[in-house]
Structure formats: C-alpha cells, structure tokens
Amino acid sequence: MLNTPDATHDPDLTSWIESANDPACGFPPQHLPVCMFDAGEGPRRGCGIGDRVVDLLALGEAGLLDDAVHTALRQPHGLAGLMALEPAARMRFRRRLQELVTVPDSGLARDQGLQERAIHRQATVKLLLPVTIGNYSDFYASLYHATNVGSMFRPDNPLLPNWKHIPIGYHGRASSIVSSGTPVRRPSGQQAPPTDDGMPTFAPSKMLDYELEVGAFVGRGNRLGEPIPLAEAESHLFGLVLVNDWSARDIQRWEYQPLGPFLAKSFATTISPWVVMMEALAPFRLPARPRDAADPRPLPYLADPGNESSGGIDLTLEVLIRTPQMRTANLPAERLSLGTFGDMYWTLAQMLTHHASNGCNLQTGDLLASGTVSGPARSSRGCLLELTWDGEYGRPVPGSQRTPLKLSTGEPRTFLLDDDELLLRGWCHREGFRTISFGECSGVVLPAAG
C-alpha cells in the first residue's frame, strides 16, 4: 500500500553516490524525487539523488529499466508517461531505481561511461516544469486560513455555511504556471474606486502577496462521468510539489464578487521542480485532521476509514524572503513563517474525490493545489495578508489593523515590493527514517510592464 513503509524506506540504506549519505542531504536514496531537466542538450527526465540528477531515459536506453518504464519515459509532455503508470508499476520502478543507486555492483555503478552520460551535478543543470499541465484547480482547504481571511471581512461570521461540508475550490490558469526560479512580473489590473461613487483605476498592484501551498499531480485519470471513490483516490495521485499561488490582493478585492479569483491570480503560479512521489511519503503519513465535536461529519462520499487513519502528511513548510538590501549585504534569506501541512482540514484525497464527484474527468498531469497552508499560531500563517493582520485566529477583533512586518534589516513589509525574492521550502522528518526535502520554490518580483 502507498501509505505503508517498506524496505525502500530503510534508514540504513546508503548509496555509492556519496553526497546522498550526508545526514543533511535532503535527497537520500530513500527519496528519489523525479524532475525534468536540461543539461544543455534539451529536456530530459531525471531523478534526484544527493547533489546529482540521474538521466532516467539514459538508464532505459542502457537496458537498466523494464520495458514498460522505458516506454513511459519516451512519451511526450514531460513526466506524463511515468505519471500514468499503475501504482504497482511505479513501485517496481522505485525499487529498481533504488537498487541502481545503492548496490555497489549494479549496472549503473559498474559502467563508468554510462555514469558520465547519465549523472549530472544538480548545480549545472536547469530544472524545468515536470509535466505539461493541462488543468489546474486550487482549493481553500485550511480552516485556519479560511477563518482568518473570513474574520477580516465578516468578523461575526468568518466561515460561510458550506465550508465544513465541501472542499471549496476554483479552476485556475494552467498556462501561467512556471518552474521555480522564474521571475514573476507584478501584474496591473483594475482596482476599487476610492469612493463609492468614483471610478475604478487601472494600475500596477500595490498589494502583491504570496500563498504557501502544496500541489498534487494527478497520475491516472478517470473517464468523463465516472467519479473516483475516496478509498481509491490516492491511487490516482502521483506526487507532490510546493506551490506559490501569487495573489494581487487589491485586484482580487475589486473583482472577486460575485464569481471569485480571476486576473488577481492568473498572472503567475510558481511550483517546485522536484515531484515527490507518493510512495516516498509512506513514513510521514498522519491521520486526517480530527473534526471538532461540533463539526458536521463529512458526507458519505467524503468519508473513508483509510483516509481518516492516514490521509494527512507530516510535511513542514517554511517561507523566506530575501530583499534587495539583503542581497546587497550578502545576508541570507529571512524566515517569514513555519507551519505544517498536517493542519489541513481537508485531505488531498478528499479534494480529488470531490473534484471528480460530479463526473469531471481528471487527466494525467493535472495539478490540484491545496490552498494557503496556515496554522493556529501567527508564526504559521501562510501569506502576508494574514501575517500583517492584527486579528487573532478564532477570535474576531473589531477594528483590527494591518501592521507591517519588521525584517531584521529594519525594512517593513506589508506586501511584496519589486525585486523581493520569495522562497518556499518543505521537508518531511520522522524519527527512525531519513529526512526528505521538497527542494525550493522561488521567484523574484519584477516591476510591472510599461
């Protein structure tokens, strides 16, 4: 089963690729995240191990992978062929790949020429989008985030009646999803008039924000008209990435009623390039977040014993900022928040099942994002909209104001300024297992066009 640790998670496994054995390394042989990369000869399918990336297609061409995997790796649209494999085939691929990088006399370990062709330093390659993303849906699954934001605008009724019954989501823009490291240009758009009888303005956003999220790639899809039962949902998920759903709050405030996010979100979404396969996450599974006694029970299609017992993921998430002043002074990025994905009210499996419950046909490579990941403490809020708000979670504070963050350099930040760099990081840690990293999801804010 996907959620049960096995021999591939053995903490004593070591690799003949020495950098993977460093305790501080986030890419040990128990991990093996996949990616698309370019080492100067065009896009290739890869796997991370230590400070290296291994060319998977080169392994297949050398006869070291089974025919089904080799065929999958040759399919178009990035990692789509690999994502579409049945879970059992993915498990066999994971075991074989681990064997190649851990057994001292494996076919890869013995072939120096193949190593020279297939193994590259991560620092020397360009990491790309892992798959051609045809569809992107964004959820709103954090109780803490939804309550905080609701309290800003509806202090007496922060959560609308449907929120605890249904995983709220909307369809995003797939064409503007970019890989980590891609600069993001500040959007311009309509903003609310200064007075009730005034005219709106069109100008660069003054309230540019980030949103800390986790994304899940769909592996096998479903046919149009055929729902996906919750008990089967995780077999349709391939792996996870970090997501920064950039948001222009002033544009959003003017356009979101009555339909919701549009141009305030569609200008850019950044994802991390390493896809953490679901099989690697087995040691870090948690029970789904328990409902409070007063909460409604999920409707039957959103309830399953397996989801309750292991639908959560113990994933630590961190947000950092590096301002131009910090770069000039050669200072490291500064932490803005630290939280956990285990705090989410709805699980990824529930999001996927709900998405398909009306018969919507999910497709291989579709991206489902969790919505902003926030926690109960101020230090775990997942966006500047929350971090600079003076209200308290679960306790509406009349007349709450917005107070800028004060960075260690003395710089204030209410929202992001031009040339600020935002970095998201994530990792899973549990005693008795190797820590695995999600890598980094970063982007620098460029000035608005024109």
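Scroll up to find the structure.
The paragraphs below set out a description of the structure included in this document. (Residues numbered from 1 in each chain as written. Predicted model: local features only at pLDDT ≥ 70, side-chain atom pairs only at ≥ 80, totals over all residues. Heavy atoms only, no water.)

A closer look at the pattern of salt bridges
Working definition: two side chains of opposite charge can pair if their charged atoms are close together. Counted under the stated rule, the structure contains 21 salt bridges. Its salt-bridge partner being E318, residue R335 comes within 2.9 Å of it at the nearest N-O pair. Here E318 lies in strand 20 (residues 316-322) and R335 lies in strand 21 (residues 334-340), a separation of 17 residues in the sequence. Here R335 falls in the partly exposed class, since its relative accessible area comes to 45%. With its nearest N and O atoms 3.4 Å apart, the salt bridge here joins R378 to D390. Taken together, the residues span a long stretch of sequence, with R378 in the loop between strand 22 (367-369) and helix 13 (384-387) and D390 in the loop between helix 13 and strand 23 (405-406) at a distance of 12 residues. On the accessibility criterion, R378 (36% relative accessible area) is partly exposed. (Salt bridge = Lys/Arg side-chain N within 4 Å of Asp/Glu carboxyl O. Helix = DSSP H or I, 4+ residues; strand = E, 2+ residues; numbered from the N terminus. Buried < 20%, exposed > 50% of the residue type's maximum accessible area, 1.4 Å probe, protein only.)

Let's talk about the packing of aromatic side chains
Throughout the structure, instances matching the rule amount to 4 aromatic pairs. Each ring, one from Y144 and one from Y393, has its centre 4.8 Å from the other, and the planes form 65°; the classification is edge-to-face. Within this pair, whereas Y144 is found in helix 7 (residues 143-153), its partner Y393 is found in the loop between helix 13 and strand 23, the two being separated by 249 residues in sequence. A relative accessible area of 10% places Y144 in the buried class. Plain terms: the ring middles of W163 and Y345 are 5.2 Å apart, the flat faces sit at 55° to each other, and that makes the pair tilted. Residue W163 is located in the loop between helix 7 and strand 7 (169-171), and its partner Y345 is located in the loop between strand 21 and helix 12 (348-356); the two are separated by 182 residues in the primary sequence. (Phe/Tyr/Trp six-rings, centres within 6.5 Å; stacked < 30°, edge-to-face > 60°.)

Some points on the sheet that holds strand 3 (residues 52-55)
Judged by pairing direction, the sheet is antiparallel, and its 5 strands sit side by side in the order 4-3-2-1-5 without closing on themselves. Of all the strands in the sheet, just strand 4 (119-121) and strand 5 (126-128) have a single pairing partner and so form its edges. Here the average twist between neighbouring strands, direction ignored, is 45°. Two elements, strand 3 and strand 4, share 3 bridges in a ladder whose sense is antiparallel. (Pairing = 2+ DSSP bridges. Axes fitted to C-alpha atoms, helices over the stretch in contact; angles between N-to-C directions.)

Some words on unusual backbone geometry
The step from Q257 to P258 runs through a cis peptide bond, and the omega angle for that step is 10°. With respect to the secondary-structure elements, P258 resides in the loop between helix 8 (249-255) and helix 9 (263-266). Despite not being glycine, L32 shows a phi value in the positive range, around 60°. Checked against the element boundaries, L32 lands in the segment before strand 1 (34-38). Unlike most non-glycine residues, H77 shows phi in positive territory, near 70°. Here H77 lies in the loop between helix 2 (67-73) and helix 3 (80-83).

A word on the side chain of E211
Examined against the element boundaries, E211 turns out to sit in the loop between strand 12 (208-209) and strand 13 (212-218). A polar side-chain atom of E211 sits 3.4 Å from a polar atom in the side chain of T372. Those residues in contact with E211 that lie beyond four places of it in its chain are H145, V243, N244, D245, S247, R249, K265, T372, G382 and C383. (Polar contact = N/O pair within 3.5 Å; in protein donor to acceptor, adjacent residues only side chain to side chain. Contact = heavy atoms within 4.5 Å.)

Focus: the environment of R52
With respect to the helices and strands, the residue R52 is situated in strand 3. Put simply, R52 and S175 are 123 residues apart on the chain and 29 Å apart in space, counted from C-alpha to C-alpha. Discounting residues that sit within four places of it in the chain, R52 has contacts with I17, C47, I119, H120, R121 and Q122. In this structure the side chain of R52 is engaged in a polar contact, spanning 2.5 Å, whose partner is the side chain of D51.

Concerning the sheet that holds strand 21
Taken in spatial order, the 5 strands line up as 9-26-25-20-21 in an open sheet, and their pairing is mixed. Each having just a single partner strand, strand 9 (184-185) and strand 21 make up the two edges of the open sheet. Across 7 bridges, strand 20 lies against strand 25 (residues 421-428) in antiparallel orientation. The partner of E318 across the bridge, within strand 25, is R425.

Details of the nonpolar core
In terms of nonpolar packing, the biggest core is built from 65 residues, with L240, L281, L336, F341 and L422 touching the most fellow members. For this core, the secondary-structure elements that each account for two or more residues are helix 7, strand 13, strand 14 (237-244), strand 20, helix 12, helix 13, strand 25 and strand 26 (436-446). Among the elements that take part in this core, helix 12 stands out by supplying 5 residues, more than any other. Contacts of F341, omitting those with residues within four sequence positions, involve V214, I313, L315, L317, L348, S370 and V373. Ranked by size, the runner-up nonpolar core spans 46 residues in total, among them A20, L97, L128 and V243. (Core = buried A, V, L, I, M, F, W, Y, C linked by side-chain atoms within 4.5 Å.)

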